[in-house]
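In case you want the letters, here they are:
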Amino acid sequence: MTCNNNKSGAPEKELTVEERLERAKKPGKDAMVMHPYYGGKIETVPKACIRTFDDFSIWYSPGVAEPCKAIAANPDLAYEHTCKWNTVAVVSDGTRVLGLGDIGPEAAMPVMEGKSMLFKYLGGVDCVPICLDTKDPEKIIETVRLLAPSFGGINLEDISNPKCFDILDELRRDCKIPVWHDDQQGTATVEVAGAMNAMKLVGKSFQDANVTICGAGAASLAIARLLLATGFKPEHLCMCDSKGILNQSRDDFESLHRLKKDIATKTNGAGKTGGLKEAMEGADIVIAASKPGPGTIPAEYVDLMADDPVIFATANPVPEIWPWEAKEHGCKVFATGRSDFPNQVNNSMGFPAIFRGVLDVRARTITDDMCIAAATELAKCAEEKGITEEYIVPNMAEEDVFPREAAAVAMAAQKAGVARLSCTYEEEYERAAAIISRSRKLTANMMDQGFIKQYVE
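Below, the structure is looked at part by part.

Cut-off values and rules
- Residues numbered from 1 in each chain as written.
- Predicted model: local features only at pLDDT ≥ 70, side-chain atom pairs only at ≥ 80, totals over all residues.
- Heavy atoms only, no water.
- Helix = DSSP H or I, 4+ residues; strand = E, 2+ residues; numbered from the N terminus.
- Rg over C-alpha atoms; globule rule 2.2 N^0.38 Å.
- Buried < 20%, exposed > 50% of the residue type's maximum accessible area, 1.4 Å probe, protein only.
- Contact = heavy atoms within 4.5 Å.
- Areas by Shrake-Rupley, 256 points an atom, 1.4 Å probe, with all protein chains shown as cover.
- Lys, Arg positive; Asp, Glu negative; His and termini not counted.
- Charge placed at Lys NZ, Arg CZ, Asp CG, Glu CD.
- Arc of directions from axis to C-beta.
- Axes fitted to C-alpha atoms, helices over the stretch in contact; angles between N-to-C directions.
- Parallel < 35°, antiparallel > 145°, perpendicular 65-115°, else oblique.
- Left-handed = near helix turned anticlockwise from the far one by under 90°.
- Nonpolar A, V, L, I, M, F, W, Y, C, P; charged D, E, K, R; others polar.
- Pairing = 2+ DSSP bridges.
- Right-handed = clockwise from strand over helix to strand, strands pointing away.
- Polar contact = N/O pair within 3.5 Å; in protein donor to acceptor, adjacent residues only side chain to side chain.
- Phe/Tyr/Trp six-rings, centres within 6.5 Å; stacked < 30°, edge-to-face > 60°.

1. Here's the deal with the overall build of the protein
Piece 1. Each helix and strand in the protein was counted, giving 16 helices and 10 strands.
Piece 2. In summary, the protein has a C-alpha radius of gyration of 23 Å against a globular reference of 23 Å for 457 residues, a match within 12%.
Piece 3. The dimensions of the protein, computed from C-alpha atoms along their principal axes, are 75 × 55 × 45 Å.
Piece 4. Within the protein, the fraction of its 457 residues that count as buried is 49%.
Piece 5. Intrachain contacts of the protein at a sequence separation of at least 6 include 69% that bridge at least 24 residues.
Piece 6. Working note: accessible area of the protein is about 21,200 Å², and carbon and sulfur atoms make up 55% of it.
Piece 7. The centroid of the 51 positive side-chain charges in the protein is displaced by 3 Å from the centroid of its 66 negative side-chain charges.

Structure, rendered in structure tokens:
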């Protein structure tokens, strides 16, 4: 449905602003046709053989009692006898869905189904979407605790801040399986990878760059934390929320969430005050994960940035500023979270492969060092291919990136002492590549054989 129709290789004609806007709206229009056509994006199918109905005496009663007894004696055997080893739950309360806000659990389901689809196709990970009819943090925490025995990992998704931070921290302390919040850790991983390569393109030091972060929600705070974990100089970082630049002189400083306070205390060495305009002055790179645009970042603010500025405008579904607006004001490298523009610094390049590596070594948690390993590998994959102003991170079509990233994460998990199993980089690469390839081929075969119907306009 949404595709580049220019097959000849000839340069496309310059589009008008109206044509660009219409193209940007097309994925949403297509989605309204395709979603009801398929009636959902995922389904459950058997993976074990069913030669005759006699096989159900193995898969179900009476034979199933034997693995049940084995697991009762040793719960870790659930990883051997069940799908737990490769299954993740994506859990949301629907309070911060994309850039749409609090739209409720039912309305969140299309996103969680899409997430599950990406988990399977890109990482070979089976995923179950679970949307909860509660906004109560304690109820969410208790529900995930109760669900945890059925899964190898938990992906928290689209939960509003600041409660998302406390939910994540509590579950990471209590659960025996890895719990991760993709809006924090996943987004941060891919954006740090993109920032690494963007700074190389403009000839600036990544760790010395002046960075302005527009927004102070889950993604923004995680990006700041991961940047600092890489060795980035905190005095060079400036964060701006809806009320202005984070600093200790703000009237509402004492009422800020503990993570905002921490950033306000550590960063902004230049002592900037004011709003986004002042925050962007002299910035080498602006990373925005805030209110959907257009117009959240006025185009004239780009003129205030340093030479060869870099902008990541990652709000969904509409970026804070359109790429053509930023380019007209001198932006050198522009990225969004969308797949229909160049440079998609989207967490889809992170979570499928990260969980692949995490599940394969049965990691107990996902550390910042594991995220940095993933970001470094992503940046390296793109650099080896040849980074350009329109290619700073790999894209979903590059299948080899995902097993490489999984292997890097698996090595970092072992180094951190959080892995239950051990393997070499080469062993995990081969394992991950085989699992991911099977998943992609399965989808292709189902389409070829008509089990997944082809939509024709």
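Structure's up, so let's keep going.
2. What about helix α10 (residues 258–266)?
Piece 1. Of the positions making up α10, those classed as buried are K260, I263 and A264. Viewed along the axis of α10, the buried residues span an arc of 100 degrees, placing them on a single side of the element.
Piece 2. Count one or two residues on from α10 and you reach N268, which has phi positive near 60 degrees.

3. Brief notes about the packing of helix α6 (residues 137–147) against helix α7 (residues 163–174)
Piece 1. At their nearest, the axes of α6 and α7 sit 10 Å apart, and the two run at 30 degrees to each other. By the angle between their directions, the pair α6 and α7 is classed as roughly parallel. For the element pair α6 and α7, the recorded crossing hand is right-handed. Between α6 and α7, the contacting residues are P137, I140, I141, V144 and R145 on the first element and K163, I167, E170, L171 and D174 on the second.
Piece 2. Classifying every residue of the contact of α6 with α7 by side-chain character gives six nonpolar, no polar and four charged.

4. Quick word on the sheet that holds strand β6 (residues 237–241)
Picture the strands of a sheet paired through backbone hydrogen bonds; they go either parallel or antiparallel.
Piece 1. On the basis of which strands lie adjacent, the open sheet formed by six strands has the order β7-β6-β5-β8-β9-β10 and mixed pairing. A single partner strand is all that each edge strand has here, and the edge strands are β7 (244–245) and β10 (333–336).
Piece 2. Strand direction decides the pairing type here: β6 and β7, joined by two bridges, are antiparallel. From the neighbouring strand, C240 faces β7, where its bridge partner is I245.
Piece 3. Strands β5 (211–214), β6 and β8 (285–288) of the sheet are contacted by helix α9 (residues 218–229), whose axis makes an angle of about 160 degrees with β5.

5. Here's the deal with helix α13 (residues 351–360)
Piece 1. With respect to burial, α13 is a largely interior element, 10 of its 10 residues being buried.
Piece 2. The set of residues buried in α13 consists of F351, P352, A353, I354, F355, R356, G357, V358, L359 and D360.
Piece 3. Following α13 by one or two positions, R362 has its phi on the positive side, about 50 degrees.

6. A closer look at the sheet that holds strand β1 (residues 87–92)
Piece 1. Taking strand neighbours across the sheet as the criterion, the four strands line up as β2-β1-β3-β4 in an open arrangement whose pairing is parallel. Taken across any chain shown, the strands that pair with only one partner, and hence form the sheet edges, are β2 (126–131) and β4 (179–181). Going across the sheet, the axis of each strand differs from the next one's by a mean of 25 degrees, ignoring polarity.
Piece 2. Note: β1 against strand β3 (residues 153–156), four bridges, orientation parallel. Bridge pairing links V91 to L156 in β3.
Piece 3. Sheet strands in contact with helix α8 (residues 182–201) are β3 and β4, and its direction is about 70 degrees off that of β4.

7. A closer look at the pairing of β1
Piece 1. Across the six residues of β1, six count as buried, placing the element largely inside the fold.
Piece 2. As paired elements, β1 and β2 share six bridges and run parallel to each other. Residue S92 lies in a different strand from β2, and its bridge partner there is C131.
Piece 3. Regarding topology, helix α5 (residues 105–123) serves as the crossover connection from β1 to the parallel β2, and that connection is right-handed.

8. What about the side chain of R250?
Piece 1. The residue R250 is located in the loop between β7 and α10 in this model.
Piece 2. Judged by relative accessible area, R250 falls into the buried class, the value being 12%.
Piece 3. A polar contact is formed between the side chain of R250 and the backbone oxygen of G244, at a distance of 2.9 Å.
Piece 4. Here the side chain of R250 touches D252 through a polar contact of 2.9 Å, side chain to side chain.
Piece 5. Every residue in contact with R250, bar those within four places of it in the chain, is listed here: D241, K243, G244, I245 and L256.

9. Focus on the environment of E138
Piece 1. Along the chain, E138 turns up in helix α6.
Piece 2. Here the alpha-carbon distance between E138 and K163, two residues 25 residues apart in the chain, equals 9.7 Å.

10. Some details on the packing of aromatic side chains
Piece 1. The tally for this structure, following the rule as stated, stands at 10 aromatic pairs.
Piece 2. Taking 6.0 Å as the distance between ring centres and 85 degrees as the angle between the ring planes, the aromatic pair formed by W180 and F355 counts as edge-to-face. Taken together, the residues span a long stretch of sequence, with W180 in strand β4 and F355 in helix α13 at a distance of 175 residues.
Piece 3. By relative accessible area, W180 is classed as buried at 0%.
Piece 4. Look at W324 and F341: their rings are 6.3 Å apart centre to centre, the planes differ by 75 degrees, and that puts the pair in the edge-to-face class. Pair noted here: W324 is in helix α12 (residues 323–328) and F341 is in the loop between β10 and α13, with a separation of 17 residues, a long-range link. You'll find W324 and F341 in the same group, each marked buried.

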